[in-house]
Amino acid sequence: MNCNGKTASRMESGTEIINLTLREKMVNRTVDLRSDTVTKPTESMRIAMANAEVDDDVLGHDPTAFRLEMEVARIMGKEAGLFVPSGTMGNLISVLVHCEIRGSEVILGDNSHIHIYENGGISTIGGVHPRTVKNNQDGSMDIDLIETAIRDRKMDICYPTTRLICLENTHAK
């Protein structure tokens, strides 16, 4: 069997040839990860959570959180990981890491989750100014509109400094 779904043959029980496709071998199920409020744990996940060894993760004593962070860091090829309980918190942290100076500006889509559904956290908590660019029907943004939205550094005295462009693989509307 090859990776592009073409039929492959293999021997089974010595002589019987079975034709398989990649699609026939795959388990087809949907995992909905669009929101921390939509995704529901399975019964086995609930049991694992109830039986997980826990402690204070802030002090570095929670072995379950530590293993999760280390495994995700390994998978992503990073030196460390950080567990956060919601996508909103993850987005806020991500914006603040790149816009560490209050009064920074982020360019994002006018239908982006950060702009519409995250309670203005980047402004309220981080002091980051959002500058929206019209999203296309498919959620993308035109590069020309993004480039036009980037502030001229010569006008720093008048405008916030553009420090980040946020592109989402999902959008709010």
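Presented here is an overview of the structure given in this document. Keep in mind that this is a model prediction, so the values were computed, not measured.

What follows concerns a nonpolar patch on the surface. On the surface, Leu68, Val72, Ile75, Met76 and Phe83 cluster together into a nonpolar patch covering about 490 Å² of accessible area. Considering the arrangement of structural elements, one finds phenylalanine 83 in the loop between α3 (63-76) and α4 (87-98).

A word on the nonpolar core. Ranked by size, the top nonpolar core spans 10 residues in total: Leu92, Val95, Cys99, Val106, Leu108, Ile114, Ile122, Val128, Leu164 and Cys166. Secondary structure elements with two or more residues in this core: α4 and β3 (104-109). Setting aside its immediate chain neighbours within four residues, isoleucine 122 contacts Leu92, Val95, Val106, Leu108, Ile114, Gly127, Val128 and Pro130. By size, the runner-up hydrophobic cluster in this structure holds five residues, among which are Ile107, Val133, Ile146 and Ala149.

A surface patch of negative charge is lined by Glu53, Asp55, Asp56 and Asp57. Locating aspartate 55 in the fold gives a position in the loop between α2 (43-51) and α3.

What follows deals with the environment of histidine 115. Along the chain, histidine 115 falls in helix α5 (residues 113-117). Residues histidine 115 and proline 130, 15 residues apart in the sequence, show an inter-C-alpha distance of 7.4 Å. Those residues in contact with histidine 115 that sit more than four places away from it in its chain are Leu108, Gly109, Asp110 and Thr132.

In space, the three strands of this open sheet follow the order β4-β3-β5, with parallel pairing throughout. Edge positions in the sheet fall to β4 (129-133) and β5 (161-165), since each has one partner strand and no second. Looking at each pair of strands side by side, their axes are set apart by 35 degrees on average, direction ignored. Of the pairings in the sheet, the one linking β3 to β4 comprises five bridges and is parallel in character. Bridge assignment links valine 106 to a residue of β4, and that residue is proline 130.

The rules behind these values
- Residues numbered from 1 in each chain as written.
- Predicted model: local features only at pLDDT ≥ 70, side-chain atom pairs only at ≥ 80, totals over all residues.
- Heavy atoms only, no water.
- Patch = residues over 30% accessible without salt bridge, like charges linked within 9 Å, V, L, I, M, F, W, Y side chains within 5 Å.
- Areas by Shrake-Rupley, 256 points an atom, 1.4 Å probe, with all protein chains shown as cover.
- Salt bridge = Lys/Arg side-chain N within 4 Å of Asp/Glu carboxyl O.
- Helix = DSSP H or I, 4+ residues; strand = E, 2+ residues; numbered from the N terminus.
- Core = buried A, V, L, I, M, F, W, Y, C linked by side-chain atoms within 4.5 Å.
- Buried < 20%, exposed > 50% of the residue type's maximum accessible area, 1.4 Å probe, protein only.
- Contact = heavy atoms within 4.5 Å.
- Lys, Arg positive; Asp, Glu negative; His and termini not counted.
- Charge placed at Lys NZ, Arg CZ, Asp CG, Glu CD.
- Pairing = 2+ DSSP bridges.
- Axes fitted to C-alpha atoms, helices over the stretch in contact; angles between N-to-C directions.

None of this, on its own, says anything about what the molecule does.
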